[in-house]
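Spelled out, the chains give:
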Amino acid sequence: MSRTILISGGSRGLGAELVTGFRAQGCNVASFSRSKTAFIEAMEGSADFHWQAIDGRDHEAVHGFVNDTASRFGRVDVLVNNTGIATDSVLPLMRPDDIIDMVDTNLTAALLLAQSCSRVMLRQASGCIVNISSVNAIRGHEGVAVYSATKAALDGFTRSLARELGPRNIRVNSVAPGYFETDMVKGMEPAQMDRIARRTPLRRLARIEEIAAAVHFLASEQASFITGQTLVVDGGITC
Amino acid sequence: MLNPCSAADIQTIVHARIRAILEDRGDENIVIAGDDKLNATLGLTSMDLALLVSELEAELGVDPFAKLVSVTAVRSVDDLVAAYRLAFAPAAATPDDGLAEAARRAASRRARMTGG
C-alpha cells in the first residue's frame with residue numbers, strides 16, 4: 001500500500017523538493033500553500049496528488065484539509081511540518097504584528113497541523129511527524145531572534161510530542177537545516193553567502209536535496225527507532 | 001442540528017467506542033454506566049481519551065472540544081455523552097445540565113491551581 005505524505009508549504013523551495021521526492025517513491029502526496037505555483041499546476045489532476053490553497057494560519061481549513069486527505073487516500077502516514085517564514089530584522093525594530101505573524105505561521109500553525117494529523121495517526125496506530133526546524137534554534141544569530149524562538153519552540157515540541165505519541169507507534173523528529181540554496185537565501189549579498197561558506201567546515205551551503213534526504217530518512221523505516229531527535233544538517237556550522 | 005443523530009444514538013455510539021478501547025486493552029465483560037469516571041473507574045488515560053475523541057470525530061463529524069466544551073470538564077461517561085449532544089444541539093443546552101456543572105467544577109479547580 002502506498003504511503004500518504006502530507007507536506008505543508010509544498011509549492012516551492014524545500015516543500016516542493018519533498019513533494020517531488022516522495023512522489024518519485026510512489027507515495028500519495030497532499031499539500032497546501034497560500035498560492036498556486038507553476039510547480040503545483042503541473043501536477044493538478046494527478047491521482048496521487050492533492051493540493052488546496054490554504055493559509056496555514058486558518059486552523060479550521062487546515063483541519064478540514066487533513067480530514068479530506070485521510071478520506072481521499074485512506075490514511076496519513078507522514079506529516080512534514082515545513083511552512084515557515086523568515087525576516088531579517090532586529091527585535092527592537094520589528095512591528096508587533098510581524099512578530100505575531102511569524103509566531104502564528106512558524107509555530108502555532110505547525111502545532112495545530114500536528115494536532116490534526118496526530119488524531120488520524122492515533123486511529124491508524126502509526127505515523128511519523130517531521131518538523132522543519134533550523135540551526136537558528138541551536139545557535140544565536142543577530143536579526144533572527146523571533147525566527148529562532150519559533151524554531152527552538154518547535155524542537156521542544158518535537159521532544160515532548162515524541163514522549164506523548166511514542167507509545168502509540170507515532171514517531172516525531174525534527175530536521176534543523178543550515179543555510180541551503182533556496183529562495184530564502186536569494187536576498188543575501190554574495191559576500192554574506194561567502195562568509196557563511198567560510199565558517200562552514202564543509203566550506204559550502206547545502207544543496208536542497210541534501211536537506212530533503214534527511215527528511216526522507218527520518219520518514220523511512222530506516223529510522224524506525226528514532227524519535228524525539230533533532231537532526232542537524234548544516235555542514236558542521238554548529239559543531 | 002448538524003446531523004440527524006438522536007440523543008440515544010449518541011449515547012450508543014459513545015458507549016460502543018469506549019467499549020472497543022477497553023476491549024483492545026484486554027478488558028472483558030465490560031459494563032459501562034453513565035456515572036463511571038473515565039479515568040478513575042474505567043482506567044482510560046489521556047491518550048485513550050485522545051483516541052476516543054478522534055474516533056468519535058471520524059464517526060460523528062464533530063469535535064465538541066474544539067470550541068464548545070473544555071475537555072477538562074469531562075470526567076464521567078455521561079459528561080462525554082453530554083458534550084457530543086451539545087455539539088449537535090448547542091441551543092438545547094441549559095445551565096443546569098450535568099456538563100455545565102462539570103465545567104464549573106473544572107473552572108474552580110483551575111482557579112485554585114493558578115491562585116486566581
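Everything here concerns the structure above.
Below is a summary of the structure that appears in this document. The structure displayed is predicted, hence computed values, not measured ones.

## So, the packing of helix H3 (residues 59-73) of chain A against helix H4 (residues 96-124) of chain A
All names here are of chain A. The contact between H3 and H4 brings their axes to 10 Å, and the two run at 30 degrees. Viewed along their axes, H3 and H4 adopt a mutual orientation that is roughly parallel. When the axes of H3 and H4 are compared, the crossing they make is right-handed. Across the interface between the two elements, His59, Val62, His63, Val66, Asn67 and Ala70 from H3 touch Thr108, Ala109, Leu112, Leu113, Ser116, Cys117 and Val120 from H4. For the contact of H3 with H4, the class distribution of residues is 8 nonpolar, 5 polar and no charged.

## Considering the sheet that holds strand E4 (residues 78-81) of chain A
To summarise the sheet geometry, strands pair through backbone hydrogen bonds and adopt either a parallel or an antiparallel arrangement. Residue and element names in this part refer to chain A. The sheet built from 7 strands is open, its strands ordered E3-E2-E1-E4-E5-E6-E7 with parallel pairing. Single-partner strands in this sheet number two, and they are strand E3 (49-53) and strand E7 (230-233). Put simply, the sheet's adjacent strands are angled 15 degrees from each other on average, direction ignored. The pairing of strand E2 (residues 28-33) with E3 spans 5 bridges and is parallel.

## Side note on the pairing of strand E5 (residues 127-132) of chain A
Residue and element names in this part refer to chain A. Taken across its 6 residues, E5 has 6 buried, putting it largely inside the fold. Here E4 pairs with E5 via 4 bridges, running parallel. Residue valine 78 lies in a different strand from E5, and its bridge partner there is cysteine 128. By the bridge criterion, 6 bridges tie E5 to strand E6 (residues 170-177) in an arrangement that is parallel. Following the sheet pairing, asparagine 131 is matched in E6 by serine 174. Handedness of the crossover joining E5 and E6 through helix H5 (residues 145-165): right-handed.

What counts as what
- Residues numbered from 1 in each chain as written.
- Chains lettered and ligands numbered in written order.
- Predicted model: local features only at pLDDT ≥ 70, side-chain atom pairs only at ≥ 80, totals over all residues.
- Heavy atoms only, no water.
- Axes fitted to C-alpha atoms, helices over the stretch in contact; angles between N-to-C directions.
- Helix = DSSP H or I, 4+ residues; strand = E, 2+ residues; numbered from the N terminus.
- Parallel < 35°, antiparallel > 145°, perpendicular 65-115°, else oblique.
- Left-handed = near helix turned anticlockwise from the far one by under 90°.
- Contact = heavy atoms within 4.5 Å.
- Nonpolar A, V, L, I, M, F, W, Y, C, P; charged D, E, K, R; others polar.
- Pairing = 2+ DSSP bridges.
- Buried < 20%, exposed > 50% of the residue type's maximum accessible area, 1.4 Å probe, protein only.
- Right-handed = clockwise from strand over helix to strand, strands pointing away.

Note that every value here comes from positions in space, so none of it alone points to a role or purpose.
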